[in-house]
Amino acid sequence: MSAATIFDLVSSLAVIAGLVFAVAEIRQYRSAREYEVALAMLQSMQTPDFIKALRVLYALPEDLSRGEVEERLGDDAILLYTLMTTWESLGIFVCRRHLRLGLVDDFFSGSIAISWRKLERYVREERAAQDRPTLLEWFQWLAERMREREAESPPLPAYEAEREWKAER
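Residues numbered from 1 in each chain as written. Predicted model: local features only at pLDDT ≥ 70, side-chain atom pairs only at ≥ 80, totals over all residues. Heavy atoms only, no water.

Novice: Before we go on, may I ask you to explain the overall build of the chain in this structure?
Specialist: When helices and strands are counted, the chain shows seven helices and zero strands. Starting at the N terminus and ending at the C terminus, the chain contains elements arranged as α-α-α-α-α-α-α. A compact globule built from 169 residues would reach a C-alpha radius of gyration of about 15 Å, whereas the chain, at 23 Å, exceeds it by more than 25%. Taking all 169 residues of the chain together, 30% fall into the buried category. In the chain, the share of contacts with a sequence separation of at least 24, taken over all contacts with a separation of at least 6, comes to 77%. Split by element, the accessible area of the chain, about 11600 Å² in all, is 55% carbon and sulfur. (Helix = DSSP H or I, 4+ residues; strand = E, 2+ residues; numbered from the N terminus. Rg over C-alpha atoms; globule rule 2.2 N^0.38 Å. Buried < 20%, exposed > 50% of the residue type's maximum accessible area, 1.4 Å probe, protein only. Contact = heavy atoms within 4.5 Å. Areas by Shrake-Rupley, 256 points an atom, 1.4 Å probe, with all protein chains shown as cover.)

See the structure below:
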């Protein structure tokens, strides 16, 4: 084998090794970034107002009009905006691929699905009142993605899905 052939072979192996290393680094970077975004997401949502907003939402009947929601909740109606704009932000993050849909699903699929089911009429009436069809569009988009996932694979509680999980030793 000539020196030129050996040099070409070594050069090719170095390029391949560099590509493999680059791919591994990109994957590690994406994983770290997603972890940081998820941690920030959790910190922003583990607040008294967010928890209160969820409790207010869960207590609402379905299909109330905008007026009925505002009359029923009074000043607490603002809490629903906290919730809806949070889902709105998550929808954007998911669509832009800053967060995986599966991660958001693991954290919030039930709350998002319930939110849209109970607030769809409210949102549609709010859009009409504001003459803004894009109002809370990402909240709706995210809720529809959750619905699609659940149609393909019905939600399974973690205590069942991860029944065989074992701690690392």
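Novice: Just checking my understanding: could you explain the nonpolar core for this structure?
Specialist: Judged by nonpolar contacts, the single largest core of 35 residues is most densely connected at Leu80, Trp87 and Leu90. Counting residues per element, the ones that place at least two in this core are α1 (3-45), α2 (48-59), α3 (66-73), α4 (77-95), α5 (101-130) and α6 (137-152). The element contributing the most residues to this core is α5, with nine residues. Apart from residues no more than four positions distant in its own chain, Leu80 is found in contact with Ala53, Val56, Leu57, Leu60, Val69, Leu73 and Leu119. (Core = buried A, V, L, I, M, F, W, Y, C linked by side-chain atoms within 4.5 Å.)

Novice: Sorry if this is basic, but what is going on with the pattern of salt bridges here?
Specialist: Opposite charge on two side chains permits them to pair, given that their charged atoms come into close proximity. Here the structure, examined in full by the defined rule, presents eight salt bridges. Glu70 serves as the salt-bridge partner of Arg66, at 3.9 Å between the closest nitrogen and oxygen. On the criterion of helical spacing, the pair formed by Arg66 and Glu70 is a turn pair, its members being four residues apart in helix α3. Under the relative-accessibility criterion, Glu70 is labelled partly exposed at 34%. Arg66 is the partner of Glu126 in a salt bridge, and the nearest nitrogen-oxygen pair spans 2.3 Å. Taken together, the residues Glu126 in helix α5 and Arg66 in helix α3 connect sequence positions 60 residues apart. By relative accessible area, Arg66 is classed as partly exposed at 23%. Three or more residues joined by partner-sharing salt bridges are found here, namely Arg66, Glu70 and Glu126. (Salt bridge = Lys/Arg side-chain N within 4 Å of Asp/Glu carboxyl O.)

Novice: Help me understand α2 in this model?
Specialist: Helix length check: α2 (twelve residues) gives 17 Å between terminal C-alpha atoms against 16 Å at 1.5 Å per residue, within 8%. Where α2 is concerned, the buried positions are Phe50, Ala53, Leu54, Val56 and Leu57. When α2 is viewed along its axis, its buried side chains cluster within an angular range of 165 degrees and face the same direction. Exposed positions of α2 whose direction lies more than 90 degrees from the buried face are Pro48, Arg55 and Ala59. Each element contacted by the buried residues of α2 is listed here: α1, α3, α4 and α5. (Expected span 1.5 Å × (residues − 1). Arc of directions from axis to C-beta.)

Novice: It is not clear to me how a nonpolar patch on the surface should be interpreted in this structure. Could you clarify?
Specialist: Together, Met1, Ile6, Leu9, Val10, Leu13, Ile16 and Val20 line one region of the surface with nonpolar side chains, adding up to about 720 Å² of accessible area. For Val20, a relative accessible area of 54% translates into the label exposed. (Patch = residues over 30% accessible without salt bridge, like charges linked within 9 Å, V, L, I, M, F, W, Y side chains within 5 Å.)

Novice: Sorry, what's going on with unusual backbone geometry here?
Specialist: Among all residues except glycine, the phi angle is most often negative; among peptide bonds, the trans geometry is most common. Its identity as a non-glycine residue notwithstanding, Asp63 has a phi of 60 degrees, on the positive side. Locating Asp63 in the fold gives a position in the loop between α2 and α3. Even without glycine at this site, Leu136 takes up a positive phi of about 60 degrees. One can find Leu136 in the loop between α5 and α6. On the accessibility criterion, Leu136 (5% relative accessible area) is buried.

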